[in-house]
Amino acid sequence: MSEPTDKRRGSPSPKPAAAWRRKFRSLASIRAYEDKAADDSRRIRLPGKFNDVYLHTASQVLVFLIMTYAIYILFAGHNNPGGGFVGGLVTATGFVLLYLAFDSKTVRQIIPVNFRSIGAAGVLIAVLTGAVPALMGEPFLTHRTDHARLPLVGDVHLATAVLFDIGVFLAVLGTAMTIISNISEDE
Amino acid sequence: MTSLHLAILTPFLAMPIVPFLYRGFRRIHTGWFVLFVPLLLFFYFLRHFPLSAEEPAVLVLPWIPQLGVDFAVYADALSLLFALIITGMGALVVFYSIFYMSKEREALHNFYVYLLCFLGAMLGVVLSDNLIVLYLFWELTSLSSFLLIAFWFQRAKSRQGAVKALLITLFGGFSMFLGFLMVAEATGSFSIRHIIAHAALLKEHGLFLPAMLLILLGAFAKSAQFPFYIWLPDAMEAPTPISAYLHSATMVKAGLYLVARLTPAFGGGDVWFWVITAVGIVTLLWASFLAVRQIDLKAMLAFSTVSQLGLIMSLLGIASLALAPGMPETRAKLFAAAAFAAVFHLLNHSVFKGSLFMVVGILDHELGTRDIRKLGGLMGVMPVSFTLAVIGAFSMAGLPPFGGFLSKELFFTGTLTALKELSWPAIWIPVLAWLASLFTFVYCMILVFRTFTGRQQTALLDKPPHEAPAGMLMPPVILSALAILFFFVPNALSAHLLDPAAKTILPGLAAPGEPLFGHVSHWHGPSPELAMTLGIVLFGVFLFRHLPKWSGIYDHLPRKWTLNTAFDKSLLGLEKLSSRLTARYMTGYIRHYLSYILGFMILLVGGALLLLNAFHPDPSGGARVEAYELAVALCIVVSAYFLLISRSRLTSIIALSAVGLLVSLYYIFFRAPDLALTQLVVETISTALFLLCFYFLPKLQHVEVPRSFRLTNLVLSVGVGLVFTLLGLAVTGHRLFEPISRYYENAKELAGANNIVNAILVDFRGFDTMLEIVVLFTAGLGVFTLIRFRNRRRHEP
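What you see is a predicted model, and the numbers here were worked out from it, not measured in a lab.

Caption draft 1: Structural detail: the overall build of chain B. Scanning chain B from terminus to terminus reveals 34 helices and 2 strands. Overall, the C-alpha framework of chain B stretches about 110 × 65 × 55 Å when taken along its three principal axes. Across chain B, contacts joining residues at least 24 apart in sequence account for 78% of those joining residues at least 6 apart.

Structure, rendered in structure tokens:
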């Protein structure tokens, strides 16, 4: 982690356009591995032939679709298939797609967050949604539901269970991304 | 919450403030702020006096009422005596430490936080009525003692001493906890009041003896009785104020408190009497004998503390005979005198030993050494310290006109009573007691005269000898004044504090308002006790004068076979044993761990199926198997087979994810969209993860593996497959209970959610989910740490 990746490869600036031309190291190395001619060393030079403009273009669109879907199933979970767990995982797949299309440095510029904090925040939210009713004298993790009329949106079904589910969502997302980003950024 | 609860909690409430005071007011010694806590509490407890004749009420603050665990407190005379010692000595020690602990060099914020924690825990021990709460506070005193012994943790000896003290006292505490559980089993309550009221139930119960012995183990370990005393001399690595406070005046007396407190419940039997008296007398003799040969003044005081604790312990043992069934009242009163003596000596010991420790602390602080060979002739330079040492040591030796004389006389009376009542089997009690008192006299003389008289050896000292500052002398002066005061007004003390306390040890012997023990008199006329004291003085002076001639006997003590080496050896042995045992199965190979997990699963699930004769498949209720379902099953088998034979990792990964994706098809067939969705996403993520890890894996090679390894794999894989197939089939044959799914079908009314799966996850079984994400996140942090740690190690040269 200490050494920036571009130095070793000799390419100067970390501009996104330039970064796009670089490969996600793991994917490249898979190819290199399969290529019997490649040497066994861990620091593999990129072949430079791989043109991933399709991947870049597609992923730019797909990531937003995946994110939108993830948020949809997070909230839809109450009444339809879905929920925090799946939502978190789907979001993670979206991020993994970014990691596959771009290198980890670019991804970190795009999502400048610490995934460990996100996971911790998720666990905290889940515990707090349990603790609040406990403090008010009800059993731990008691949920309430209610309806509210919001302007423009209309009748909305509100449930505290969704808050808990958001906690699950963040915890799953944070954990999955902590693992994935760490392995992929590891040298 | 009553004021008594608040009093116990006050030190804990003050704890978090101390570091801020330390940071905020660096120029004022933090001790000045802390001093308010024990002082305030001391006056609070003084307000309970004069005591009313009737029993104080148990004040209950519900905590876990379902388990009978409540924060119940109770302030009778015995508890108040201890509370006064704890807070009074606490105030003096904090005052003393202001001058002893440098505010520039020491981590005072830690020091006072630990000290306050101890103060609160100790108050909790002596005021709790609930055994579980008492146990919690008890262990908290061990813990804070550990922190205080290791306060100068830079020294290896401090750390070793702290660990030793912790191990021994925790071992005792744990066995005591077991004893408490047995007592509660027998009497149906954790409340000490309740247990004492139902002592008859306890005495008839089969667990009476084991419970008693386990509890005594805890008390002996805490009060440093033989053979557990070895931790106390090592605990002297603590700063001297701590030694004076924890390791002589208060914490080590917790064991005595427990024995005294539980005497009404356990006392009266032979076992209780013999075990406590024998352990006490042996401790008294052995420790006083060893104290004579110590060259470190603090070690000498440590051994003397051990021996004095043994003395009080043996008195409590003798006193318990007053509760023996069928004991006539006149004889019971004779034994009851021992209870009074125990309480009196306990108070005296706190006073004179605290003062002596402070004097030794002064010597250490002003001269830089406590080695008796380097000291001498300090009488002229340090007259005040000398006077204090004389008062403390003479009180300990049992000489008039100090409080120790009175309680020592009463101690002899107690041992003689035991002899008179039990005749010859108890002959050793007064004999050993007398011998031990002789050695006590000798080391008291050494303490005073080797240090303060004789030739001054200025060259051996680090600093020129000079008298301590007035602030440091103040606390021992107060204590010494008390030692003299106790001699002159014992009856006032007795009427208000000691006699009521003795009465709580032996309830029912004296009517309320009527004293248990009569008048404390200084002069009994020519009596055996006086003869014993005179003999001690005569022989003691003789032995002290001719010390070099007989101290050779200490060289004959075994050097190799001591309790300390036994302790060290057993620790090392245990460590070796456990590491050898662990190395057997923790090999570092994932394949081994997997084989344990799978093997256990086969044994457990398969064994249960077999032994409980649970395999009765009932295919009648099943649906027809469709052709497309069979086709998918075939595809799964084919991809699994590819996984086995593939020679490239990439193929393996693809084959594996094919298996997972095909399984998710089944969820769709059986209409479980939530599961299908989750399975799909999990497959996607895990494939991505595999691809990432792929980078780090070595090239897949075909190596010849031993036949046994392949055989194990075969057995495991066939076993797992078989067990799961059988389990799946067995499920169809059992309808023992109503399915619980009916309940969840009402999710709309119960949780306001149409999606039952989600309602189960977030509402019905929300607690499970919460803990699951905690586990998940912890595992994620584990992966993170492992990767980071590996990197750090690699970067190290």
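Caption draft 2: Geometry of the packing of helix α5 (residues 77-100) of chain B against helix α6 (residues 108-127) of chain B. Residue and element names in this part refer to chain B. Where α5 contacts α6, the two axes come as close as 9 Å, and the packing angle between them is 170 degrees. Considering the angle they form, α5 stands roughly antiparallel to α6. Only Leu-119, Met-122, Leu-123, Val-126 and Leu-127 of α6 make contact with α5, whose side of the interface consists of Ser-79, Phe-82, Ala-83, Ile-86 and Gly-90. Its residues assigned to classes, the contact of α5 with α6 shows 8 nonpolar, 2 polar and no charged.

Caption draft 3: Representation of the interface of chain A and chain B. Contact with chain A, which involves 47 residues of that partner, is made by 41 residues of chain B. Contributing elements (two or more residues each) for the side of chain A that touches chain B: α3 (25-34), α5 (84-101), α7 (115-135) and α8 (160-185) of chain A. Looking at which element gives the most residues to the side of chain A that touches chain B, the answer is α8(A), with 15 residues. Residues that form the side of chain A that touches chain B fall into these classes: 23 nonpolar, 19 polar and 5 charged.

Caption draft 4: Expanded view of helix α28 (residues 649-669) of chain B. In a regular helix each residue adds 1.5 Å, so 21 residues correspond to 30 Å; α28(B) covers 31 Å between its end C-alpha atoms and thus fits that length. Of the residues flanking the end of α28(B), it is Arg671(B), one or two places downstream, whose phi is positive at about 60 degrees.

Caption draft 5: Just the nonpolar core, in detail. In this structure, Ala319(B), Ala336(B), Phe340(B), Val343(B) and Ala502(B) are the most contacted members of the largest nonpolar core, which totals 219 residues. Among the elements that line this core, the one with the most residues is helix α17 (residues 329-367) of chain B, at 22 residues. Core analysis: the next-biggest nonpolar cluster, separate from the first, contains 54 residues, Leu89(A), Ala171(A), Leu680(B) and Val681(B) among them.

Caption draft 6: Just the confidence of the model for chain B, in detail. With 98% of its residues at a pLDDT of at least 70, chain B reaches an overall mean of 87. The secondary structure element of chain B with the lowest average pLDDT is helix α32 (residues 747-751) of chain B, at 73, and the one with the highest is helix α7 (residues 131-149) of chain B, at 94.

Caption draft 7: Seen up close, the environment of Val605(B). Inspection of the secondary structure assignment puts Val605(B) in helix α26 (residues 590-611). For the pair formed by Val605(B) and Tyr589(B), sequence separation is 16 residues and the distance between their alpha carbons is 25 Å.

Caption draft 8: A look at unusual backbone geometry. Residues and elements named next belong to chain B. Cis rather than trans, the peptide bond between Phe-226 and Pro-227 has omega equal to 0 degrees. Its place among the elements puts Pro-227 in the loop between α11 (208-222) and α12 (231-234). Here Pro-400 and Pro-401 are connected by a cis peptide whose omega angle stands at 0 degrees. The residue Ala-224 is not glycine, and still its phi comes out positive at about 55 degrees. Along the polypeptide, Ala-224 turns up in the loop between α11 and α12. The class for Ala-224 is buried, based on 29 C-beta atoms found within 10 Å.

Thresholds applied
As a convention, each chain's residues are numbered from 1 in the sequence order in which they are written. All chains are assigned letters beginning at A, and all ligands numbers beginning at 1, according to the order in which they are written. Local features in this predicted model are restricted to residues of pLDDT 70 or higher, and side-chain atom pairs are both shown and tallied only at a pLDDT of 80 or more, whereas totals for entire chains, interfaces and linings draw on every residue. Working definition: helices are DSSP H or I runs of at least four residues, strands are E runs of at least two. Numbering for both runs from the N terminus. Residue pairs are scored as contacts if the distance between their C-beta atoms, which are placed from the backbone, is within 7 Å. Lines fitted to C-alpha atoms define the axes, with helix axes restricted to the stretch in contact, and inter-axis angles between N-to-C directions lie between 0 and 180 degrees. Working definition: roughly parallel below 35 degrees, roughly antiparallel above 145 degrees, roughly perpendicular at 65 to 115 degrees, and oblique for all remaining angles. Each residue gets one label: Ala, Val, Leu, Ile, Met, Phe, Trp, Tyr, Cys and Pro are nonpolar, Asp, Glu, Lys and Arg are charged, and the others, such as Gly, are polar. Any helix carries an expected span of 1.5 Å times its number of residues minus one. The nonpolar core is taken to be a set of buried Ala, Val, Leu, Ile, Met, Phe, Trp, Tyr and Cys residues joined by way of C-beta atoms within 7 Å. In this scheme the burial state of a residue depends on its C-beta neighbours within 10 Å: 20 or more other such atoms mean buried, 12 or fewer mean exposed, and anything in between means partly exposed; the C-beta positions come from the backbone. Each residue carries a pLDDT score, the predictor's own confidence in it, on a scale running from 0 to 100.

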